[in-house]
Amino acid sequence: LLGALGVVVPARRFPFAFSRLARALAEVAQVSPHLSPPSPPPLPPPVEVAAPIQAVDPPPDLAREANLRDFQGAYRESLEDPEAFWGGFARTFAWEKPWDRVYDPEARAWFPGGRTNAALNALDRHLPERAQQVALLTLDGEGNLGKWTYRELHDLSARLAGVLRGLGVGPGDRVALYLPTGLEAALSLLALARIGAVHVALPVGLGPEALRQRLLTSGARLLIAADGHYRRGQLVPLRPVVESALFGLDLPVLWHARGTTEFLERATEGKPQEPLPVPASHPLFVLYTSGSTGTPKGVVHGHGGYMVGVAWALRHLFDLKPGEVFHTTADLFWVVGHSFGLYAPLFLGGTSLLLEDRPDHPSPAAFYERLRRLGVDLLLTSPTFLRTLRRHGEARPTGLRLVGSVGEALAPEVWTWTRENLAWPLDNWWQTELGAPALATPLTLPAKPGYVGVPLPGVEARVVDGAGNVLPPGEKGHLVLLRAGPAQMVGLLGGESPWRGGLYWTGDLAAMDEEGYFRILGRGDEVIKVGDARLGTAEVEAALLTHPQVAEAAAIGVPGEEGEEVAVFVVLRKEVPEELKPLLAEKLKAHLLRHLGPLPPPRVFFAEGLPRTRSGKILRRLLKAELLGMDPGDLSGLEEEYGGGKTA
Ligand code: ATP
Ligand code: MG
């Protein structure tokens, strides 16, 4: 019975469903529903990391033609002579006033003294050469394809900036956005950047209470909102959410009425504004983290360092070549959308495809066909989406040259599927706070599936114990950075700085091998303490994904007789008759023990879908709360589809 229990709680009915379910589960699983939440992870003792993984060479033409051929040379120079390395790249952009120095380590400030503007560099700078080139392709939820040249984006956003000025928005003012991914959102971000105002993009789908909280804590003085957005082909009204969020607040709203061109018409009435040069660390935007581990944090990014950092990564890591089309499946309101859906492609004079609806709507086949039809060369997506595609079987041919994966660990099985079905996988690790990739496997180095790769230029990383002592290769510990790249945040809205004792504490659990490749094992505070061993959630999930019947898996630690036990939630690739599930659960247990070594037998639950953040990450703390009858904490980041049994 235990193994056959399906754990699916409709999120909307959560408060009621949850206590009933928790009681039932606690009875069956013989765990007390009143257990206190586990304390933060103690110092992880030495544990052998699984057997060395086979390195795979990138396709020779990819490596030969990479924009960055001498990775090691670049890495060395970035640390030994940051002035020359980052200064040289930064000089390819337009600055009103050059910087005094590239980096001030005391202030952790990039390009202090320099003045520039992100919109100037995204648009105006390109007009002499690229006015007629398509900067953005937009595909809205009704299937309308828009092609917007650098000239059009420039003129429209400069005029929209005039409208915003007319509404009293000035430099440093925060303006919130509640808009789906698309032209209007892109124009709003660029118009705000242009006048030195600060954009605060909030995910559409955020409920009224969470929206209200973000509007209050971000100090927004205007809201730009759409009255609807498309999800899986359906127009979902947003006006009631916005109106309820704003109840009693004195916050003006600039509406984008779906199905009309009012917003664009209004924009053209503004007086065109010139880009305002601002100090390099002047805030460009506030963006909230995914909320995987708790309440989302408001992260502030600036104009100068961010521009240099994200553009460097798109050219030298993701390898964008002139004339190529870049696409990220990430929504614009997530950092991946900001950095690589919008800013980096425009900083480099490239073309980016923005998609409103789910990438696999109406089907995975439509996704492949869209990539081919629109000539997408480079894709940046999430492991979640790759697992969804893999679940549906073989891919159709696309013209992709490489596939970046970010947001969660890319399990070796999914790495291999991606390589065989889509294109060369490029795993990259970073966080909202860092703005751009910090660890990755560049095209000129062999990849090790399961390992994200090595520190990128500007970044020094270590695995340490809880006191900050560096651990030898192979041992699991906290991933910290000694230095971060130029795209790192300029501040936080409240909350604690990740810098402590000279180290940037990422909150992730990792291990490094002898060659300096890092393996991300999961979140530090989700580590599963089994006896003396410490298991990262990613290790357990990767092991499950090697089983042919497993599409998705989430692992959590639950109180057991001695320390913790592993509990896993499994989504199957194909439905299995109820009566066969206990047998399959036994097989999965045996499979896990074969991969992970001797453990108390894991508990296996089958689920139709897993709870996710809007950025696509498995929300393990909710599974744990459901199972143990605990308070799940802030769920504002929870994807609204959870509970419908969908996994996409
Ligand atoms: P919160 O900080 O609110 O808990 P979050 O950390 O999920 O949310 P993001 O900044 O969107 O918010 O995500 C960063 C985290 O995503 C990293 O700390 C890491 O745990 C995970 N991550 C990102 N890329 C990778 C990767 N390539 N491999 C493994 N994990 C990754
Ligand atoms: Mg985080």
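The name given to the protein chain in an unreviewed UniProt entry is acetate--CoA ligase, and the organism recorded there is Thermus arciformis. The UniProt entry for the protein chain carries the following comment under Sequence similarities (unreviewed entry): "Belongs to the ATP-dependent AMP-binding enzyme family."

On to the overall build of the protein chain, then. A count of helices and strands for the protein chain gives 19 helices and 32 strands. Summarising its shape, the C-alpha atoms of the protein chain cover approximately 70 × 55 × 50 Å along the three principal directions. Taking all 648 residues of the protein chain together, the buried fraction comes to 62%. Working note: accessible area of the protein chain is about 24,400 Å², and carbon and sulfur atoms make up 52% of it. Averaged over its 65 positive side-chain charges, the protein chain has a centre that lies 2 Å from the centre of its 73 negative ones.

Turning our eyes to something else, we now look at helix α8 (residues 183–194). In this model α8 runs 16 Å from its N-terminal to its C-terminal C-alpha over 12 residues, within 8% of the 16 Å that 1.5 Å per residue would give. By the criterion of burial, α8 is predominantly enclosed, with 12 of the 12 residues buried. Turning to α8, its buried residues are Leu183, Glu184, Ala185, Ala186, Leu187, Ser188, Leu189, Leu190, Ala191, Leu192, Ala193 and Arg194. Of the residues flanking the end of α8, it is glycine 196, one or two places downstream, whose phi is positive at about 75°.

Our next topic: the site of ligand 1. Neighbouring residues of ligand 1: 22 residues in total, closest Thr289, Ser292, Thr293, Thr432 and Arg523. With respect to ligand 1, the side chain of serine 290 contributes an N or O atom lying 2.7 Å from an oxygen atom. The contact in question runs from an oxygen atom of ligand 1 to an N or O atom on the side chain of serine 292, over 2.5 Å. Starting from 630 Å² of accessible surface for ligand 1 in isolation, the protein chains cover 96%. Contributing elements (two or more residues each) for the shell around ligand 1: β19 (424–429) and β27 (518–523).

Bringing the sheet that holds strand β8 (residues 222–226) into the picture now. In spatial order, the strands read β11-β8-β6-β7-β13-β14-β24; together these seven strands make up an open sheet with mixed pairing. The sheet terminates laterally at β11 (253–256) and β24 (491–493), the two strands that pair on one side only. The mean angle between the axes of side-by-side strands here comes to 25°, regardless of whether they run parallel or antiparallel. Those strands touched by α8 are β6 (174–178), β7 (198–201), β8, β11 and β13 (283–288), and its axis lies near 175° from that of β6. In the packing of helix α13 (residues 335–347) onto the sheet, contacts are made with β7 and β13, and the angle to β13 comes to roughly 135°.

What counts, and at which threshold
- Residues numbered from 1 in each chain as written.
- Chains lettered and ligands numbered in written order.
- Predicted model: local features only at pLDDT ≥ 70, side-chain atom pairs only at ≥ 80, totals over all residues.
- Heavy atoms only, no water.
- UniProt positions renumbered as here; feature names shortened; annotations may be inferred.
- Helix = DSSP H or I, 4+ residues; strand = E, 2+ residues; numbered from the N terminus.
- Buried < 20%, exposed > 50% of the residue type's maximum accessible area, 1.4 Å probe, protein only.
- Areas by Shrake-Rupley, 256 points an atom, 1.4 Å probe, with all protein chains shown as cover.
- Lys, Arg positive; Asp, Glu negative; His and termini not counted.
- Charge placed at Lys NZ, Arg CZ, Asp CG, Glu CD.
- Expected span 1.5 Å × (residues − 1).
- Near = heavy atom within 4 Å.
- Polar contact = N/O pair within 3.5 Å; in protein donor to acceptor, adjacent residues only side chain to side chain.
- Pairing = 2+ DSSP bridges.
- Axes fitted to C-alpha atoms, helices over the stretch in contact; angles between N-to-C directions.
- Contact = heavy atoms within 4.5 Å.

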